[in-house]
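A structural walkthrough
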Amino acid sequence: MPLPLLLFDCDGTLVDSEPILAEEMALGLNAVGLPFAATDYLGEFRGARFRRIVAELQKRHGDVDPDKLDSMETHMRANLATRLSQELTTIPGAHEALDILAGYPSAVVSNGPESKIHTALSVTGLGDYFGNRLFSGYTANCWKPEPCLHLHAASIMGYLARDCIAIDDALVGVHAAQQAGMTVIHLNRFPDAETTPENAIMISNMYQLPAVVERLTREYWQIPVPQHSAGGR
């Protein structure tokens, strides 16, 4: 039996992009008359697709001209790309966890555009871990919290959902992977503000990930841990 497939979220799980993203969203949305603070993203909307956030804000505050929205989004994404290329860092422990788990098949599953995923992984030096195994909601035309993005990634990689472990910091991703029928590890970096859903496995930092994955590999898949993967923290 092959090792389980590890499906990593990107923003907030591998790279610390969410504070930058929240700031740029707030600037763009306020500029078109949709009240939004960076804390709104980090609280209510973390991990959600941008257009879903826009749709919800328009329900609350009124519609905005579609051309104006398109122009704002283009400008926002350009600013975001510049800032990510200059300011982005990894989530602490991400490099170390990926080094230890290098023997496992893996891919990135993100609601963000593919170009943004590429930028994030390239800037932080994580690209070599995943190659072209990147699955974007914009490419698949399916976004978390729907399960189809995870299922799409698993299918392309040749795995059944039951043989996948999804790692995500945002509840939208946790719920998506659970609905897909996968084993889910919730990177809960804000345990005082966020509750890990039932049946998801909580870790509070990425240093803890290898030990959890190795335990699941032994207990649920009954596979010995790869030699170069042993010794996780």
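Residues numbered from 1 in each chain as written. Predicted model: local features only at pLDDT ≥ 70, side-chain atom pairs only at ≥ 80, totals over all residues. Heavy atoms only, no water.

Points about the packing of helix H1 (residues 18-31) against helix H2 (residues 38-45)
Put simply, the rule is: Inter-axis angles, ranging from 0 to 180 degrees, are taken between N-to-C directions of lines fitted to C-alpha atoms, where helices are fitted over the stretch in contact. Only DSSP runs of H or I reaching four residues or more are called helices, and only runs of E reaching two or more are called strands; each is numbered from the N terminus. Note on terminology: angles under 35 degrees are roughly parallel, angles over 145 are roughly antiparallel, angles of 65 to 115 are roughly perpendicular, and the others are oblique. Crossing handedness: left-handed means the near helix sits turned counterclockwise from the far one by under a right angle, and right-handed means the same turn made clockwise. Residue contacts are defined here by distance: any two heavy atoms, one from each residue, within 4.5 Å place the two residues in contact. Amino acids are sorted into nonpolar (Ala, Val, Leu, Ile, Met, Phe, Trp, Tyr, Cys and Pro), charged (Asp, Glu, Lys and Arg) and polar (every other residue, Gly among them).
Look at H1 against H2: their axes get within 7 Å of each other, and the N-to-C directions meet at 120°. On the basis of the axis angle, H1 is oblique to H2. Judged by the twist between their axes, the crossing of H1 over H2 is right-handed. Residues Glu18, Pro19, Leu21, Ala22, Glu23, Met25 and Ala26 of H1 form the contact with H2, whose own contacting residues are Ala38, Tyr41 and Leu42. By residue class, the composition of the contact of H1 with H2 is eight nonpolar, no polar and two charged.

Focus on the layout of surface pockets
Basically, it comes down to this: Site definitions follow a grid-based scheme: protein atoms alone, a 1 Å grid, a 1.4 Å probe that fits but cannot get out for cavities, and for pockets an open set with protein on both sides within 12 Å along at least five of seven lines, plus lining residues having an atom within 4 Å of a point. Grid points are joined across faces, edges and corners, and a volume is the space filled by probe spheres set on the points.
Reported here for the largest pocket is a volume of approximately 230 Å³. Along the wall of the largest pocket there are 14 residues; nearest its centre are Gly43, Glu44, Arg46, Leu171 and Glu194. No other element matches the four residues that H2 contributes to the lining of the largest pocket. Along the lines of polarity and charge, the residues of the lining of the largest pocket split into eight nonpolar, two polar and four charged.

Description of unusual backbone geometry
Of note, the bond from Lys144 into Pro145 is cis; its omega dihedral lies within 30 degrees of zero at 15°. Although it is not a glycine, Asn199 sits at a positive phi angle of roughly 80°. With respect to the helices and strands, the residue Asn199 is situated in the loop between strand S5 (183-187) and strand S6 (201-203). Phi is positive for Gln222, close to 50°, though the residue is something other than glycine. The residue Gln222 is located in the segment after helix H11 (209-219) in this model.

Quick look at the nonpolar core
The tendency in soluble globular proteins is for nonpolar side chains to be buried side by side. Let me state the cut-off plainly: Remark: nonpolar core denotes a set of buried residues (Ala, Val, Leu, Ile, Met, Phe, Trp, Tyr, Cys) joined through side-chain atoms within 4.5 Å. Partly exposed residues are those whose accessible area sits between 20% and 50% of the maximum for their type, while under 20% is buried and over 50% is exposed, using a 1.4 Å probe and protein chains only.
Counting residues in each nonpolar core, the largest one holds 55 residues, and the members touching the most others are Leu14, Leu29 and Leu209. Ignoring anything within four residues of it in the chain, the contact list for Leu29 reads Leu34, Phe36, Phe50, Ile53, Val54, Leu57 and Met72.

Observations concerning the pattern of salt bridges
Where we set the bar: Any carboxyl oxygen of Asp or Glu that lies within 4 Å of a side-chain nitrogen of Lys or Arg is treated as forming a salt bridge with it.
Overall, the coordinates contain 16 salt bridges when judged by the stated rule. With a shortest N-O distance of 3.0 Å, Asp9 and Lys144 are connected by a salt bridge. Placement of Asp9 in the loop between strand S1 (5-8) and H1 and of Lys144 in the loop between helix H8 (137-140) and helix H9 (148-157) is noted, with a sequence separation of 135 residues between them. In this structure Asp9 comes out as buried when scored by relative accessible area, which is 7%. Classification of Lys144 by relative accessible area gives buried; the value is 4%. Across the pair Glu194 and Arg46 runs a salt bridge, and its minimum N-O distance is 2.7 Å. On the criterion of sequence distance, the pair formed by Glu194 in the loop between S5 and S6 and Arg46 in the loop between H2 and helix H3 (50-61) is long-range, its members being 148 residues apart. With a relative accessible area of 13%, Glu194 lands in the buried category. The structure contains a network of salt bridges with shared partners spanning Glu18, Arg46, Asp169, Arg189 and Glu194.

Observations regarding the state of the cysteines
Formally, a disulfide is one covalent bond, and it connects the sulfur atom of one cysteine to the sulfur atom of another. Where we set the bar: By disulfide we mean two sulfur atoms from cysteines, separated by a distance within 2.5 Å.
On inspection of all chains with the given rule, the structure shows one disulfide. Covalent S-S linkage joins Cys142 and Cys148, the inter-sulfur distance amounting to 1.5 Å. Linking Cys142 and Cys148, the disulfide has an S-S dihedral of approximately 60° and is accordingly described as right-handed. On the basis of relative accessible area, Cys142 is assigned to the buried category, the value being 8%. The partly exposed category is assigned to Cys148, whose relative accessible area is 34%. Left unpaired, Cys10 is separated from the closest cysteine sulfur, that of Cys142, by 18 Å.

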